[in-house]
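Single-letter residue listing:
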Amino acid sequence: MTGNRNPLINGLLKLHITLCLIFIFTPIAGSFVFSLNSDRFPSLPLGSFSTEWYRLIWEDPLVWAGFFNTLLVGACVAAIATLLGFGGAYTDFRYKFFGKPVYLALALLPPTIPVVIMGLAMLAFLSRVSLSGNVISVIIAHGVMCSPFAMAIIRLRLSQMDPDLEAAAWNLGGNEWVTMRHVIIPFTKPAIYAALFITMAVSFDEFAVAWFVSGLNETLPVKVLGFLQGQVSPRINAIGSLAFVSSISFIVIAQILMRNPESKPS
Amino acid sequence: MLDTPIVHFDNVVKKFGSFTAVEKADFQIARGEFLAIMGSSGCGKTTTLRMLAGLEDPTEGNILLDGKKINGKPTWERDTPMVWQSLALFPFLTVQENVEFSLKMRKVPKGERRERARKWLDRLGILEFADRNISQLSGGQRQRVALARSLVTEPKILLLDEPLSALDAHLKVRMQSVLSGLQKDLGITFVYVTHSMSEAFSMADRVVIMSRGKIEQIGTPEEIYREPRNRFVAGFLGSSNVFDGRLKSSGNEVWQIETEHSSFNLKAPSEVQKTDGSPVAFAVSSENMSLATIGTPWAGNSIEATVVGGEFAGASATVFLETDQGQELKVQKGHDELKTVDIRAGQKLLVHWLPEHCHVLPGE
Amino acid sequence: MLDTPIVHFDNVVKKFGSFTAVEKADFQIARGEFLAIMGSSGCGKTTTLRMLAGLEDPTEGNILLDGKKINGKPTWERDTPMVWQSLALFPFLTVQENVEFSLKMRKVPKGERRERARKWLDRLGILEFADRNISQLSGGQRQRVALARSLVTEPKILLLDEPLSALDAHLKVRMQSVLSGLQKDLGITFVYVTHSMSEAFSMADRVVIMSRGKIEQIGTPEEIYREPRNRFVAGFLGSSNVFDGRLKSSGNEVWQIETEHSSFNLKAPSEVQKTDGSPVAFAVSSENMSLATIGTPWAGNSIEATVVGGEFAGASATVFLETDQGQELKVQKGHDELKTVDIRAGQKLLVHWLPEHCHVLPGE
Amino acid sequence: TPFLSIRAAAETVNLSMLAWYGHAEPDVVGEFEELHNVKFIPKYYTGGDNMLGLIAQSPPGTYDVILSDAEYVQQLNAAGYIEELDPNDYAFDDFFPEFQRFPGHWKDGKLYSVITRFGFLGISYNAEVLSESDAASYNIFGDSRLTGKLGHFDWHLPNLGQISLLNGNPDPFDLSDEAWQQVQDSTMALRGQVGGFFDYGGTFSSLKNGQMTAFAGIGDWITGVLEKNGANVRTAIPEEGGLQWTESFSIGKGSRNQEMARKWIQYITSPEGQAKSADMAAYPALIPNKKGWVQLNDANPAEAKRQNMVLGSRNAIDLIREGRIKYRQLPVQQSLEDWNDFWSDYKGA
Amino acid sequence: MNTRPSLFSLTFSLPLLIWQLAFFLFPLAFLVALSFWTVRNFQMQPDFDTVNWVKIYSRSVFWDAYFRTLLLASASAVLISLTAFPASYAISFKLGENAKRWMIFVLIIPFFTSYLVRVYSLQVFLSDAGILNAFLGYLGLGPYSMLNNSFGTLTGYATLCLPLVILLQVFSLNFVNRDLVEAAHNMRCGRLRTVLEVIIPSAKAGLVIAGLFAFILSFGDFVSPLYLGGGNPPTLSIMITDITKSGQQWPRAAVVALTMIATLLTVAFAAIKFAYREAGK
Ligand SMILES: Nc1ncnc2c1ncn2[C@@H]1O[C@H](COP(=O)(O)OP(=O)(O)OP(=O)(O)O)[C@@H](O)[C@H]1O
Ligand SMILES: Nc1ncnc2c1ncn2[C@@H]1O[C@H](COP(=O)(O)OP(=O)(O)OP(=O)(O)O)[C@@H](O)[C@H]1O
Ligand SMILES: NCCCCNCCCN
Ligand SMILES: [Mg+2]
Ligand SMILES: [Mg+2]
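This one's a predicted model, so the numbers in the text were calculated from it and none came from an experiment.

A. Quick peek at the overall build of chain A. Looking only at helices and strands, chain A features eleven helices and zero strands. Tracing chain A from N to C terminus, the helices and strands come up as α-α-α-α-α-α-α-α-α-α-α. Looking at the 266 residues of chain A, the share that counts as buried comes to 59%. Taking the contacts inside chain A whose residues are at least 6 apart along the sequence as the reference set, 71% of them involve residues at least 24 apart. Accessible surface for chain A amounts to roughly 10200 Å². Of this, 71% is attributable to carbon and sulfur atoms. In chain A, 16 side chains carry a positive charge and 13 a negative one; their mean positions are 5 Å apart.

B. Up close: the arrangement of the chains. Counting contacts across all eight pairs of chains that touch, the top-ranked interface belongs to chains A and E. The two units chain B and chain D remain apart, with a minimum C-alpha distance of 45 Å. Across the gap from chain C to chain D, with no contact made, the nearest C-alpha atoms are 43 Å apart.

C. Spatial organisation of the interface of chain A and chain E. Across the boundary between the two partners, chain A contributes 85 residues, which contact 78 residues of chain E. Our enumeration of links across chain A and chain E arrives at zero salt bridges. Our count for the contact surface shared by chain A and chain E stands at eight residue pairs in polar contact (both at pLDDT 80 or more). A total of 17 residues in the side of chain A that touches chain E trace back to one element, the largest contributor, which is helix α1 (residues 7–35) of chain A. Partitioned by chemical class, the residues of the side of chain A that touches chain E number 59 nonpolar, 20 polar and six charged.

D. Inspection of unusual backbone geometry at higher detail. Proline 233 of chain E follows asparagine 232 of chain E through a cis peptide bond whose omega is 0 degrees. Here proline 233 of chain E is to be found in the loop between α11 (223–227) and α12 (236–244). Despite not being glycine, leucine 87 of chain B has its phi angle at roughly 70 degrees, a positive value. Positive phi is not limited to glycine here, since lysine 24 of chain C has a value of about 40 degrees. Following the sequence through the fold, lysine 24 of chain C ends up in strand β2 (residues 19–30). What makes lysine 24 of chain C exposed here is its relative accessible area of 51%.

E. Region of the structure containing the site of ligand 2. Residue and element names in this part refer to chain C. With respect to spatial proximity, the complete set of residues near ligand 2 consists of Phe16, Phe19, Ala21, Ser41, Gly42, Cys43, Gly44, Lys45, Thr46, Thr47, Glu162 and His195. Contact distances for ligand 2 include 2.5 Å between an oxygen atom and a side-chain N or O atom of threonine 46. At 2.5 Å, a side-chain N or O of threonine 47 approaches an oxygen atom of ligand 2. Protein burial of ligand 2: of its 630 Å² of free accessible surface, 60% is covered by the chains. Elements that contribute at least two residues to the shell around ligand 2 include exactly β2 and α1 (45–53). When residues in the shell around ligand 2 are grouped by element, the largest group, three residues, is from α1. Of the residues that constitute the shell around ligand 2, the class distribution is four nonpolar, six polar and two charged.

F. Spotlight on the pattern of salt bridges. Under the definition given, this model contains 63 salt bridges over all chains. The partner of aspartate 66 of chain C in a salt bridge is lysine 156 of chain C, with the nearest N and O atoms 2.7 Å apart. Of this pair, aspartate 66 of chain C sits in the loop between β4 (60–65) and β5 (68–69) while lysine 156 of chain C sits in the loop between α4 (139–151) and β7 (157–161), placing them 90 residues apart in sequence. In this structure, glutamate 197 of chain E engages lysine 104 of chain C in a salt bridge whose closest nitrogen and oxygen atoms are separated by 3.4 Å. Of this pair, glutamate 197 of chain E sits in helix α9 (residues 191–202) while lysine 104 of chain C sits in helix α2 (residues 95–105), on two different chains.

G. α4 of chain C, seen in detail. For α4 of chain C, which comprises 13 residues, the first-to-last C-alpha distance of 18 Å matches the rise-based estimate of 18 Å (1.5 Å per residue) to within 8%. With ten of 13 residues buried, α4 of chain C lies mostly within the body of the structure.

H. Expanded view of the site of ligand 1. Residue and element names in this part refer to chain B. Within the structure, ligand 1 sits among Phe16, Phe19, Ala21, Ser41, Gly42, Cys43, Gly44, Lys45, Thr46, Thr47, Glu162 and His195. Here lysine 45 contributes a side-chain N or O atom positioned 2.7 Å from an oxygen atom of ligand 1. Relative to its free-state accessible area of 630 Å², ligand 1 is covered by the protein chains to the extent of 60%. Contributions of two or more residues to the shell around ligand 1 are made by β2 (19–30) and α1 (45–53).

I. Molecular detail of the UniProt feature "transmembrane region" (unreviewed entry) in chain A. All names here are of chain A. Cross-referencing UniProt, the feature "transmembrane region" (unreviewed entry) maps to residues 12–36, 62–90, 102–125, 131–154, 191–216 and 236–258 in the present numbering. Between the end C-alpha atoms of residues 12–36 there is a gap of 35 Å, over a span that is 96% helix and 0% strand. Overall, residues 102–125 shows 75% helix and 0% strand. The separation of its end C-alpha atoms is 22 Å.

J. Molecular detail of the packing of α1 of chain A against helix α3 (residues 60–94) of chain E. In the contact formed by α1 of chain A and α3 of chain E, the axes pass within 9 Å of each other and the chain directions differ by 120 degrees. By the angle between their axes, α1 of chain A is oblique relative to α3 of chain E. Pair α1 of chain A / α3 of chain E crosses with left-handed handedness. Mapping the contact onto sequence places Asn10, Leu13, Lys14, His16, Ile17 and Cys20 of chain A in α1 of chain A and Thr83, Pro86, Ala87, Tyr89, Ala90, Ile91 and Lys94 of chain E in α3 of chain E. Along the lines of polarity and charge, the residues of the contact of α1 of chain A with α3 of chain E split into eight nonpolar, three polar and two charged.

K. Region of interest: the packing of aromatic side chains. By the definition in use, this model includes 93 aromatic pairs over all chains. Where phenylalanine 9 of chain B meets phenylalanine 27 of chain B, the ring centres are 4.8 Å apart and the plane angle is 5 degrees; that geometry is what we call stacked. Residue phenylalanine 9 of chain B is found in strand β1 (residues 5–16), and its partner phenylalanine 27 of chain B is found in strand β2; the two are separated by 18 residues along the sequence. In this pair, the class of phenylalanine 9 of chain B matches that of phenylalanine 27 of chain B, namely buried. Ring geometry for tyrosine 200 of chain D and tryptophan 221 of chain D: centres 4.8 Å apart, planes at 50 degrees, overall tilted. Residue tyrosine 200 of chain D is located in helix α7 (residues 200–208), and its partner tryptophan 221 of chain D is located in helix α8 (residues 220–228); the two are separated by 21 residues in the primary sequence. Accessibility expressed as a relative area gives 11% for tryptophan 221 of chain D, which makes it buried. Joined through ring pairs, the aromatic side chains of Phe36, Phe48, Trp53, Tyr57, Phe62, Trp63, Tyr66 and Phe67 of chain E make up one cluster.

L. Local environment of the confidence of the model for chain A. Of all residues in chain A, 92% attain a pLDDT of 70 or more, and the chain-wide mean is 86. The model gives residues 261–266 of chain A a pLDDT under 50, and that stretch makes ten contacts with residues more than four places away or in other chains.

M. Structural detail: the UniProt feature "transmembrane region" (unreviewed entry) in chain E. All names here are of chain E. Under the present numbering, the feature "transmembrane region" (unreviewed entry) in UniProt falls on residues 12–37, 65–87, 99–117, 124–144, 156–177, 198–219 and 253–276. Taken as a whole, residues 65–87 contains 100% helix and 0% strand, while its terminal C-alpha atoms sit 33 Å from one another. For residues 124–144, helix accounts for 52% and strand for 0%, while the C-alpha atoms at its two ends are 14 Å apart.

N. A look at the nonpolar core. With 311 residues, the main nonpolar core has Phe40, Phe141 and Trp264 of chain D together with Ile166 of chain E as its most contacted residues. The leading source of residues in this core is α3 of chain E, at 14 residues. Judged by nonpolar contacts, the second largest core, of 47 residues, contains Ala36, Ile188, Phe190 and Val207 of chain B.

O. Quick look at helix α3 (residues 110–123) of chain C. Residues and elements named next belong to chain C. Compared with the 20 Å implied by 1.5 Å per residue over 14 residues, the 20 Å span of α3 between its first and last C-alpha is a close match. Along α3, the residues that are buried comprise Arg113, Ala117, Trp120 and Leu121. The buried residues of α3 occupy one face: seen down the axis, they fall within an arc of 100 degrees. Positive phi appears at glycine 125, one or two residues downstream of α3, with a value of about 75 degrees.

What counts as what
Residues numbered from 1 in each chain as written. Chains lettered and ligands numbered in written order. Predicted model: local features only at pLDDT ≥ 70, side-chain atom pairs only at ≥ 80, totals over all residues. Heavy atoms only, no water. Helix = DSSP H or I, 4+ residues; strand = E, 2+ residues; numbered from the N terminus. Buried < 20%, exposed > 50% of the residue type's maximum accessible area, 1.4 Å probe, protein only. Contact = heavy atoms within 4.5 Å. Areas by Shrake-Rupley, 256 points an atom, 1.4 Å probe, with all protein chains shown as cover. Lys, Arg positive; Asp, Glu negative; His and termini not counted. Charge placed at Lys NZ, Arg CZ, Asp CG, Glu CD. Salt bridge = Lys/Arg side-chain N within 4 Å of Asp/Glu carboxyl O. Polar contact = N/O pair within 3.5 Å; in protein donor to acceptor, adjacent residues only side chain to side chain. Nonpolar A, V, L, I, M, F, W, Y, C, P; charged D, E, K, R; others polar. Near = heavy atom within 4 Å. Expected span 1.5 Å × (residues − 1). UniProt positions renumbered as here; feature names shortened; annotations may be inferred. Axes fitted to C-alpha atoms, helices over the stretch in contact; angles between N-to-C directions. Parallel < 35°, antiparallel > 145°, perpendicular 65-115°, else oblique. Left-handed = near helix turned anticlockwise from the far one by under 90°. Phe/Tyr/Trp six-rings, centres within 6.5 Å; stacked < 30°, edge-to-face > 60°. pLDDT = per-residue confidence, 0-100. Core = buried A, V, L, I, M, F, W, Y, C linked by side-chain atoms within 4.5 Å. Arc of directions from axis to C-beta.

This is how it looks when you write it as structure tokens:
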């Protein structure tokens, strides 16, 4: 647009983006560097290069157990929260009914509850129904905490859908079930993938509630909490870096798989 | 023609909460007919169509399809495909897959599905786009995909909700021909909702005019155009001038009507009975009015008015005038005819018309 | 009239990357003129308007406003208010605040701002909605707000980009009157981009027809309608039938043209020179063609064709026909005239017209 | 490799341990695991009250062995979360006399928990800034060099206990209302000095990176670890005296591995176990078993010396016997809540 | 279409309802009940006593922490929103489609890193002798105290919220009708003024929601106030842990938690109402 390309202002704005990115990524990069540094309490000047911390976690069977627990929990939570969230989002999208505000409040309230308290309340309840102290309890608790995120993401996608699309499919002879399978699900697919990944990410990072309900079957973030609280061990940097690299690989793969969801190869 | 109606709306009422969207609709649609439903925004056109499609349930009354009551039958068990204003094409499917959709729902085997879809794509001239994504098509091409998708099951009836309103003028006219052609060729019944008079009048066998949920008039385009039942219909068509007055004297041949302007003569209508002194409204179509320079002697009805502006459109032009009493008048004429008078704004002219061109509004 | 042009496009070119959106536009707009820019989608209408508003920079050439070169001047330093197709009303402001906006930008004191805004709201008949939110207005009301917002500074020129295309037919006609009225009353220069022939022809003093970035013809509506320069313009107007052929014999009065159908006579054009045997294209306007039963003796040009369908619109109807050679023909006539022939589809008819109604396309 | 050890674990007894971080790490439990073919499943907690909350809401039998600070033994016992123990199972005779019937571990003559290690809390300081003589009195907390540089381990008992010692209370946790008020006043006077309230991890890093120059409420269990990592930090027991923290093992109520749990407590209180415990990688500690001292002096004389656990010279036990060390305990005349409330007020001030 | 419950509708709406009823409503109800329990001899006992509410609400230290947390979270929401806005604006308005997509991808990355790990790493940068002060020392500045105070806490909040806030802002700015911007320019509204008068009001709902997210996350977070704020002064989330340290006073902690939930709901409700408020009558 004429006169609106002020190079100075645009330059400053881009500099600001860069500064924000630096702020966001410095701690992440830092933990990478510290994970490869011999000092147990890194400070300047940095110590020597070392893979000691990676070796330690590699050799720690409990870290491995925690890792597998985390994966299992993450996968189950992603699936469950996305399923629940999908149902909730579709319900909100399609139906009007008495008590809908209560339904929505119940669905969306969990993120407002302080985690420490949530942890104790969850444990108190789950142990009374004999569901505490194992991986299932973590899955249940994280399911509660993650489904609002899944619901929000999928609801957003549904609101971008032409409201006639579903009726058109019915009108063309597909009953509600078939239409769900052939229209709603294909349309929301990108959001479903996004929900799967985001809920998995939330579960991967949650330690406070998991500490209470996991009992002896701890997940990796709970272990990280132990390393941080008990030892201030750079192992947390090593674990963090590994988890980061694997998560990023997941998203990159997902991005590639989901590229341009609207178009099909012709 | 209405002997074996394919559709019968039997006193159908639709309420949303306490709001009545459709009021006692009672009409029939003949097999093979092209029926247009017109009316201003929010009058209940879409609701009427959706009840027929099974997307809304009537609150009262029955809808019969092929003589059978279909209330309560879900849309997917009816054979009433609809073409949406938004088209509602599936963006995640190719053109071919879109067209195959309803065959797939009917469990038609893959090979046959493919063949039938291609036949329709071909028929509508879009076979070459079969493997494209919807987003890669132009508006008119999408339009055809939507049609092909609805027609592929070769239904007996097709419902269309303002299918052309998103297109530009050119495409609209082109698609109108495509639609009329198809309907005639296939002998399918079309129920066509539209805002546009030119669309309705150029394609439909009969037109339904609705207002605020009520059906105001049903008839052929000519009937409606020539003989609007009431002020709403006359006004809705936009090219009529309506006058209000009282019956001064009703002869056998001629009625004399007293209005605020002056008194007018009109040919006594055969179908309307009025006593002297009762209020009468009549309409004069804008193309039946003529213009002349003030002072020209004239035998029929006439009135003086000031030119407000003019519209030039193709073969004809419309002149807008205003009487001293503030009534707006429209006169539509061919260009050649208009050359005889000065139609610059501000000019005072004589508007005149014949008594036989006055149409008494029976519904007023 | 073009003595003191308010706008001068001096060989203006606009490229986006390697794509040329506007090709050497060279024309002037007179003070107080209503200029319409027409053309099919993507032809560069909006780009032309935006360059004038200062929302795009020309790649080559100069734009002069009031004789002064304005290239590079940002839009907020020009006085070229624009009315957007989307209206671009601020949804977070009330009607009044929307109209006050540009006065506020000009630091007009609050009291005066309020008064001037109210004056314009009143003038456009929407004063009662002053405190409403935009979302609570109907389409036509919004349209007026957009106009009021642009007019409140009483500019010398107003740019309008398809301002009526989102409205339904009724509202469109009403707003056309409002617009023409305003433009005449205020004496402002209007540059008006539209798709719609009826809009352009009913309001504009002159029309610019564009195609693929190129200006094909500039002239009054009558000029363009009666004397299209080339096949594009004739076709674009949609109501002409174009014939291709070779000049068989060119007399002083009459040319004889050999076509695939038969040979036709036409009145020799004064402004075009052609040698015998050279290709010639000519257009016949659809309202200048007539229909007759086969076998009717006829002196002018005539050709046999089969009726494809018809369109009924208000006072006139258009009949679509096809010759044995596959050429499509359109004939537009008043209803009364059409009553004399049978226009059911499939009927073979004689299409005839006078030599003086053939218009040789000089640009072909 | 990790996979093999996971598979191996499948055939062995799993013994769950609820403890502070480090107590079930290989350096401590490795030998015992091989000896008895057991596998420890640790659950590490980060605060005694969270630990109690966790046990309170978990089904009985979830945790086989529980390590807790001595103050929590009483609470665990009062709530019925731990099993009674047979005193004959454990070699109390080898213990220094002061640890044979440790307060709170016995109730009505019955044993509920066995002390396994302890340590002293004094003034922990950065030796580059403060000298040993600076740290000879708690008065240093008010020194201008510590303004904004004084850290608190975020728990009321050790901190208020130290101020109580500073105020000259002979029994720092048994305070008359007047003395309690004075402790509050003296504490509040320090608020301006405070640079932060830290949990375990925070304590570690802020001493190490120089963020805090001195700490109240901690001891060698922090500075010892940092020292081993080359940081120039120390803990001194000032003239006013120090406090003692104590860690003890109990068997969880309803444990299904009581036999193995008993064997573990026997092992960790045996001379070999004690020597390992003293030099535990996570954090070092003093040990109550005299034979353990001998073992440690044989195996790791340097650490024995560093921790002042050399028999025959003036050592850690002498400090206790001289009355310089008081056991950390729950407040006697006030409720725990009163102390905590004051601590909250102090933090929020 | 009829909207009476059908097998179909129940299949989609019931699972979430049942799950949240079973696994969320009961814990929540437990929390409410817990706030009326009493603690005797370090043991929680079912009871119906308002003592916890009375006790917590009568302590000034609670109200101090409450308003402090409210202030910190509000400051966090405002400061982060202000910091994020120029970046979001530039991403949405100044970058090409491709760069925009990449930027969004890059901003999603932090969600896949542990917050604990990031905060731990930040300590090394912010401490008095840390990397940042060392760097500033090079420039002859500092050292500045950036850890164990509100600056540290806010920095932590920013680590947690900034990427999310930028993303939400970008999404809402992407929806701003570009015609409005040009229309404003066309009416003599300069560059900066257009941002203030047109872009911000247009994107208001999204900007407010983004700020609300920052508020909710900051209000409940205990990692940053503890590890970067040094618990000095304490926030409500720290206070919850503190309260449990008086011997199993979970019932009182529940009172604080319920107060927090109520506050968050109120703020969320008010913010959403403000976000979607329209001009005019
Ligand atoms: N689901 C619904 N709930 C409540 N009111 C409705 C619903 N659907 C339609 N209406 C109302 O019923 C009336 C008729 O709506 P309908 O969609 O049939 O109008 P329409 O004639 O198709 O109008 P348009 O030309 O604007 O499409 C309107 O006033 C509309 O607001
Ligand atoms: N910013 C741009 N970058 C690249 N190409 C553009 C840009 N703006 C317009 N164009 C291209 O320039 C051509 C002319 O565009 P313009 O918007 O002027 O068309 P138009 O005549 O207004 O069409 P319509 O009737 O569809 O509004 C189109 O092909 C369009 O794709
Ligand atoms: N890993 C935690 C170390 C616990 C030390 N025990 C008690 C010390 C309390 N001041
Ligand atoms: Mg409709
Ligand atoms: Mg355009």
